[in-house]
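Remarks on the overall topology
One letter stands for each residue in the lines below.
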Amino acid sequence: MAILVCGGAGYIGSHTVRQLIAAGEEVIIADNLSTGHRAAINSAVKLYECDIRDKAALKKIFAEHEIEVVFHFAAHIEAGESVHLPLKYFNNNVYGMQVLLEAMTECGVDKIIFSSSAAVYGDPERIPVDELDKTEPTNPYGESKLIMEKMIRWVSAAQGVRYVSLRYFNAAGASEDASIGQDYHNPTHLITVTLQVPLGKRDHITIFGTDYPTPDGTCIRDYIHVVDLADAHVCALNYLRGGGESNFFNLGTGHGFSVKEIIDAAEKVVGREIKKEFGARRLGDPVQLIASSEKARKVLKWTPRFDDVERIIATAWQWHSLHPNGYEDK
């Protein structure tokens, strides 16, 4: 049986595909390539270039392959953009989930592993964030992810679909051999944007907000290496195969770093100063997000390998140094 990876040509999806193949799995990819890249996937992997909102295309895949489980990465993910374009996020993310679940249930596919987000928590009342803490998103992106989680839960109750929902904190880094990494046309992820300065891709990095109630006044986030996220998906697959009940898990390191601390760490990695400017707060940015991942470690038997932020940044820097124009250089 095969695994269908929706969004498998994207950043986290492509790293997960690589881990699945290394584990001996048969993988099929569905991706509309709006943000994904053909060069990010093994040429031996079957790619269906289609949109997750196209039910006929999804049912064609299910008819042509015996799909055991679906991995869902095919969502828009920019929190800042979602504040200004909320309907774009609800259409692709929420409606896309509806169509995918319809196609799955109509074709008898009963397992899904969902790429969720720490954004479902909004601005948490306590740190670190536990899976049972309240979910009150502060932007449409987080709201769409929370709705998607609820959709899966109700379909699970009604039709027996088993699921694992993985709530990522801030994904970062690249494969250790620098063959795949993060490539967005207009990046917004802090580490990627920061490294564009020493690459000569931008003049400076803007720090949005210096008056947050944190030690240095800038937002704090938990940065988790993309390979560790990919490993967690393999763990989730084994969990479901072993008869595990539907569940949701935080994925993070449990350590928080401020925007200024990340830029300082990047300067150490690249060996030069990175020009900084300061701007106003962005709408929808929580003060801090740090994960409690004890549940994933205990239940999924997941152990992150990258626990040093400079090491995480170093893998990203190696990727960007070798591929300053992203996959255009491959």
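Small disclaimer: the values here were computed from a predicted structure and weren't measured.

Parameters at a glance
- Residues numbered from 1 in each chain as written.
- Predicted model: local features only at pLDDT ≥ 70, side-chain atom pairs only at ≥ 80, totals over all residues.
- Heavy atoms only, no water.
- Helix = DSSP H or I, 4+ residues; strand = E, 2+ residues; numbered from the N terminus.
- Rg over C-alpha atoms; globule rule 2.2 N^0.38 Å.
- Buried < 20%, exposed > 50% of the residue type's maximum accessible area, 1.4 Å probe, protein only.
- Contact = heavy atoms within 4.5 Å.
- Areas by Shrake-Rupley, 256 points an atom, 1.4 Å probe, with all protein chains shown as cover.
- Lys, Arg positive; Asp, Glu negative; His and termini not counted.
- Charge placed at Lys NZ, Arg CZ, Asp CG, Glu CD.
- Axes fitted to C-alpha atoms, helices over the stretch in contact; angles between N-to-C directions.
- Parallel < 35°, antiparallel > 145°, perpendicular 65-115°, else oblique.
- Left-handed = near helix turned anticlockwise from the far one by under 90°.
- Nonpolar A, V, L, I, M, F, W, Y, C, P; charged D, E, K, R; others polar.
- Phe/Tyr/Trp six-rings, centres within 6.5 Å; stacked < 30°, edge-to-face > 60°.
- Lys NZ or Arg CZ within 6 Å of the ring centre and 35° of its normal.
- Pairing = 2+ DSSP bridges.
- Polar contact = N/O pair within 3.5 Å; in protein donor to acceptor, adjacent residues only side chain to side chain.
- Right-handed = clockwise from strand over helix to strand, strands pointing away.
- Core = buried A, V, L, I, M, F, W, Y, C linked by side-chain atoms within 4.5 Å.

Once that is clear, we can look at the overall build of the protein. Per the secondary structure count, the protein includes 10 helices and 14 strands. Its C-alpha radius of gyration of 19 Å places the protein within 12% of the 20 Å reference for a compact globule of 330 residues. The C-alpha extent of the protein, read off along each of the three principal axes, is 55 × 45 × 35 Å. Residues classed as buried in the protein amount to 58% of the 330 residues present. Taking contacts inside the protein between residues at least 6 apart in sequence as the whole, the part at least 24 apart equals 77%. When the accessible surface of the protein is totalled, it reaches about 13800 Å², and 49% of it is carbon and sulfur. Once the 34 positive and 44 negative side-chain charges of the protein are each reduced to a mean point, those two points are 2 Å apart.

Attention now moves to the packing of helix α8 (residues 259-270) against helix α10 (residues 309-322). Packing of α8 against α10 leaves a shortest axis separation of 9 Å and a crossing angle of 60 degrees. Here α10 runs oblique to α8, going by the angle between their axes. Taken as a pair, α8 and α10 cross one another with a handedness that is right-handed. On α10, the residues that touch Ile262, Ala265, Ala266, Lys268, Val269 and Val270 of α8 are Val309, Glu310, Ile313, Ala314 and Trp317. For the contact of α8 with α10, the per-class residue count stands at nine nonpolar, no polar and two charged.

Our focus in this paragraph is unusual backbone geometry. Here the amide bond leading from Ile127 into Pro128 is cis, since omega sits at 0 degrees, within 30 degrees of zero. For Pro128, the position within the fold is in the loop between β5 (111-117) and α5 (140-159). Unusually for a residue other than glycine, Leu33 sits at a positive phi of about 60 degrees. Within the element layout of this structure, Leu33 appears in the loop between β2 (26-30) and β3 (46-48).

Evaluated as defined, the whole model comprises three aromatic pairs. Geometry around Tyr48 places Lys46 over its ring, the cationic atom sitting 5.1 Å from the centre. Above the plane of the ring of Phe248 lies Lys295, whose end atom (NZ or CZ) is 4.4 Å from the centre.

Turning our attention to the sheet that holds strand β1 (residues 2-6). Here seven strands make up an open sheet; going across it, the order is β3-β2-β1-β4-β5-β6-β11 and the pairing parallel. Each of the sheet's edge strands pairs with one partner strand only, and the pair in question is β3 and β11 (247-251). With strand direction ignored, the average angle separating the axes of adjacent strands in the sheet is 20 degrees. Where β1 meets strand β4 (residues 67-72), five bridges bridge the pair, whose relative direction is parallel.

Before going further, it helps to spend a moment on the environment of Arg53. Looking at where Arg53 falls in the secondary structure, it is placed in the loop between β3 and α2 (55-64). Residue classification places Arg53 among the partly exposed residues on the basis of a relative accessible area of 28%. As for Arg53 and Gln98, which are separated by 45 residues in sequence, their C-alpha atoms are 8.2 Å apart. Leave out the neighbours within four places in its chain, and Arg53 touches Asn91, Asn92, Tyr95, Gly96 and Val99.

Structurally, the position occupied by Arg305 is in the loop between α9 (294-299) and α10. Separated by 2.8 Å, the side chains of Arg305 and Asp231 make a polar contact.

Attention now goes to the pairing of β1. Within β1, five of the five residues are buried, leaving the element largely enclosed by the surrounding structure. Covered by surrounding structure in β1 are Ala2, Leu4 and Cys6 together with Ile3 and Val5, the residues of both alternating faces. Inspection of the sheet shows β1 paired to β2 by five bridges, in the parallel sense. Of the residues in β2, the one forming a bridge with Cys6 is Ala30. For the handedness criterion, the β-α-β arrangement of β1, helix α1 (residues 11-22) and β2 is classed as right-handed.

Further remarks concern the pairing of β4. Counting buried residues along β4, six of its six residues qualify, which places the element largely inside the surrounding structure. Sheet analysis places β4 next to β5, joined by three bridges and oriented parallel. Across the sheet, residue Val70 finds its bridge partner in β5, namely Ile112.

Moving on, we get to the nonpolar core. Phe71, Ile113 and Leu166 are the most contacted members of the largest nonpolar core, which has 62 residues in total. In contact with Leu166, not counting residues within four places along its chain, are Ile113, Phe114, Ser115, Ser116, Ser117, Ala232, His233, Ala236, Phe249, Leu251 and Leu300.

Let us now look at the packing of α1 against helix α7 (residues 226-241). Relative orientation of the contacting elements α1 and α7 amounts to 55 degrees, with a least axis distance of 8 Å. The pairing of α1 with α7 is recorded here as oblique in orientation. Crossing of α1 over α7 shows right-handed handedness. Of α7, the residues touching α1 (which contributes Tyr11, Ile12, His15, Thr16, Gln19 and Leu20) are Val226, Val227, Leu229, Ala230, Asp231, His233, Val234 and Leu237. Of the residues contributing to the contact of α1 with α7, the split by class is nine nonpolar, four polar and one charged.

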